[in-house]
Amino acid sequence: MNKSELLKFLRTGHNDKTVPCGFWKHFGEGKEKGSRAVTAHLEYYRQTGVPIVKIMNEHFYRLDVNIEKPEDWRKIQSKEIRDTHYTGYLEEIAKIRKELGKDAFLLATIHGILVSACHATDGPGVFVNPDNTVTRHLKQDPESVKAGLEQIAKTLENLSLACLEAGADGIYYALLGGEEHRFTKEFYEKYVMPEETKLLANVMKQGIVFLHICKDHPRLVMFRDYPAHVVNWAVYDSSYSLKDGAGIFPGKVIMGGFDNRQGALIDGNQEKMLWQMKKAVEEVGRDRLIIGADCTLPGNLPEETIKTAVGLCESL
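Below or above, wherever it landed, is the structure these notes cover.

Criteria and thresholds
Residues numbered from 1 in each chain as written. Predicted model: local features only at pLDDT ≥ 70, side-chain atom pairs only at ≥ 80, totals over all residues. Heavy atoms only, no water. Buried < 20%, exposed > 50% of the residue type's maximum accessible area, 1.4 Å probe, protein only. Helix = DSSP H or I, 4+ residues; strand = E, 2+ residues; numbered from the N terminus. Pairing = 2+ DSSP bridges. Phe/Tyr/Trp six-rings, centres within 6.5 Å; stacked < 30°, edge-to-face > 60°. Core = buried A, V, L, I, M, F, W, Y, C linked by side-chain atoms within 4.5 Å. Contact = heavy atoms within 4.5 Å. Polar contact = N/O pair within 3.5 Å; in protein donor to acceptor, adjacent residues only side chain to side chain.

Before going further, it helps to examine the pairing of strand β4 (residues 170–175). Within β4, 6 of the 6 residues are buried, which leaves it mostly tucked inside the rest of the structure. Residues Gly-170, Tyr-172 and Ala-174 line one face of β4 and the alternating positions Ile-171, Tyr-173 and Leu-175 line the opposite face, and both faces are buried. Two strands pair when backbone bridges link them, and strand β3 (residues 105–111) and β4 are joined in this way by 5 bridges, in the parallel orientation. If you follow Thr-109 over to β4, its bridge partner there is Tyr-172. With 6 bridges joining them, β4 and strand β5 (residues 208–213) adopt parallel strand pairing. Note on β5: the bridge partner recorded for Ile-171 is Val-209.

Shown next, in the form of structure tokens:
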């Protein structure tokens, strides 16, 4: 499926071509940013033939204020992208677009509001801790932290739109914080959801939105009305199957089918991979499906395995 066919499918929900797929991974130490990151992306997509080019974002959100107590979040101000370190990410997107040409379908990765706040206070990889700074402060003084999250959301919206201007066709919004153990449904809907839905709605006016609901045991139903063309979540770490998700998100394309840590795709078993792909088609239907994994694949998974998966998708 080429770019024009993929865009038509995402916007109309009609697919008379092969079932598309999307698989991605981090590229390892030394290839996170700059020219080496660009080269790693180009090599990966040329070797695998994956039709959706997701550009990894290793440029984490930063703050120029110290956050020591909940009321400190009120000091945060949104920023124009030209005044941030994200200009390096935009350069990577522009270079990948130039090298792959106008016919490649590019997605820019945008880290969600809460996890971006965690990146800026505790660092990458800490959000899984339920007592990270932003989670703790939000429970202690929700109004103060909400004021800061609003400013972070504005910056991320500016970043998303700048990514489209740099050459991306859409964004892959990695939402964290909707896990059952972190906040109550009512709390999340009051203090986080309004800014996320506003951001996504504004981006959706100009580009494609993939909504990735990250981490285990998400309150999937809570995101039923989020603006998005495509929804992806951890099927193998939740109680929601692909079929369940198709019912929860009417009118949206569902992405998934494989566990990103173990099983048929990781083992490279072609027979089992094809069986799982056909099962996903049965659960969701061709008109609403992108074959993919629950999350980012292991960095050591051979490109040849992913190329095989792409070929099997094209045979569906």
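In this section: the packing of aromatic side chains. Using the criterion set out here, one finds 10 aromatic pairs in the structure. A centroid spacing of 5.0 Å and a plane angle of 85° characterise the contact between Phe-223 and Tyr-226, whose relative ring orientation is edge-to-face. This pair shows no difference in class: Phe-223 is buried, exactly as Tyr-226 is. Ring pairs connect the aromatic residues Phe-27, Tyr-44 and Tyr-45, which therefore count as one cluster.

Before going further, it helps to spend a moment on the nonpolar core. Leu-10, Phe-23, Tyr-188, Phe-210 and Ile-291 are the most contacted members of the largest nonpolar core, which totals 111 residues. Considering every element that reaches this core, the biggest residue donor is helix α6 (residues 142–166), with 11 residues. Ignoring anything within four residues of it in the chain, the contact list for Leu-10 reads Phe-105, Ile-208, Phe-210, His-229, Val-230, Val-253 and Ile-290.

The next subject is the side chain of Asp-259. With respect to the element layout, Asp-259 can be found in the loop between β7 (253–258) and α10 (264–267). Look at Asp-259 and you get buried, because its relative accessible area is 7%. A distance of 2.9 Å separates a polar atom in the side chain of Asp-259 from the backbone nitrogen of Arg-261. The residues contacting Asp-259, other than those within four sequence positions of it, are Tyr-236 and Ile-266.

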